[in-house]
Amino acid sequence: MTEIPVDPDWQDGKNHPRWRAFQEIVAERNRQDEKWGEQNHPPEWWLAILVEEVGEFAEAIQHRQFGGPAGAGVLVEAVHVAAVAFSIVECCERNGWNHAPDEGGE
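Residues numbered from 1 in each chain as written. Predicted model: local features only at pLDDT ≥ 70, side-chain atom pairs only at ≥ 80, totals over all residues. Heavy atoms only, no water.

Visitor: Teacher, can you tell me more about the pattern of salt bridges here?
Guide: Pairs can form between side chains of opposite charge once their charged atoms are near each other. Evaluated as defined, the whole model comprises five salt bridges. The partner of Arg-29 in a salt bridge is Glu-90, and the shortest N-O contact between them spans 2.6 Å. Here Arg-29, found in helix α2 (residues 17-36), pairs with Glu-90, found in helix α4 (residues 74-95); they are 61 residues apart in sequence, far enough to count as distant. Given the relative accessible area of 22%, Glu-90 is considered partly exposed. Between Arg-94 and Glu-90 there is a salt bridge, with the nearest N and O atoms lying 3.9 Å from each other. Highlighted residues: Arg-94 and Glu-90, both in helix α4, separated by four residues, approximately one helical turn. (Salt bridge = Lys/Arg side-chain N within 4 Å of Asp/Glu carboxyl O. Helix = DSSP H or I, 4+ residues; strand = E, 2+ residues; numbered from the N terminus. Buried < 20%, exposed > 50% of the residue type's maximum accessible area, 1.4 Å probe, protein only.)

Visitor: When you look at the side chain of His-80 in this model, what are you seeing that I'm missing?
Guide: Take His-80: it is sitting in helix α4. On the basis of relative accessibility, which here comes to 16%, the residue His-80 falls in the buried class. Residue contacts for His-80: discarding those within four places in its chain leaves Glu-28, Arg-31, Gln-32 and Glu-53. (Contact = heavy atoms within 4.5 Å.)

Visitor: When you look at α4 in this model, what are you seeing that I'm missing?
Guide: Three or four residues apart is the spacing at which side chains of an α-helix point the same way, because the helix has 3.6 residues per turn. Taking 1.5 Å per residue as the helical rise, α4 with its 22 residues ought to reach 32 Å, and the 32 Å between its terminal C-alpha atoms agrees with that figure. Those residues of α4 lying buried are Val-74, Glu-77, Val-79, His-80, Val-81, Ala-83, Val-84, Ser-87, Ile-88 and Cys-91. (Expected span 1.5 Å × (residues − 1).)

Visitor: When you look at the packing of aromatic side chains in this model, what are you seeing that I'm missing?
Guide: Where two aromatic rings form a pair, the distance of their centres and the angle of their planes describe that pair. Taken as a whole and assessed by the stated rule, the structure comprises one aromatic pair. With a centroid separation of 6.4 Å and 40° between ring planes, the pair formed by Trp-19 and Phe-22 is classed as tilted. In this pair, Trp-19 and Phe-22 both sit in helix α2, three residues apart, roughly one turn of the helix. Its relative accessible area of 17% is what places Trp-19 among the buried residues. Residue Phe-22 is classed as partly exposed on the basis of its relative accessible area, which comes to 37%. (Phe/Tyr/Trp six-rings, centres within 6.5 Å; stacked < 30°, edge-to-face > 60°.)

Visitor: Would you mind going over α2 with me for this structure?
Guide: End to end, α2 covers 28 Å across 20 residues, agreeing with the expected 28 Å (1.5 Å per residue, within 8%). All of the buried residues in α2 are Trp-19, Ile-25, Glu-28, Arg-29 and Gln-32. Among the residues trailing α2, Gly-37 stands out with phi positive, at a value near 75°.

Okay, here's the thing in structure tokens:
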């Protein structure tokens, strides 16, 4: 695995938006693991879970724009989307679903 350089502008800055975002995603991942344990779903299940979270994110955006009870939850839902995507990557790593070298990981 290629090491990714860490931007020195945010790694020590607890107030940097990237650091705060990372902390929120990790906290959500921990919450998910506490609730459901380690998840090793097939790719099509992961897609369904991710799309459901994206739908909740879209709903929060619509409520924020036009009014509604979920309007204050845009950040929360964005964190859920990121945490599920992160969980998918973890599952890929655990189960050897690595990309082919010629695909470049995109």
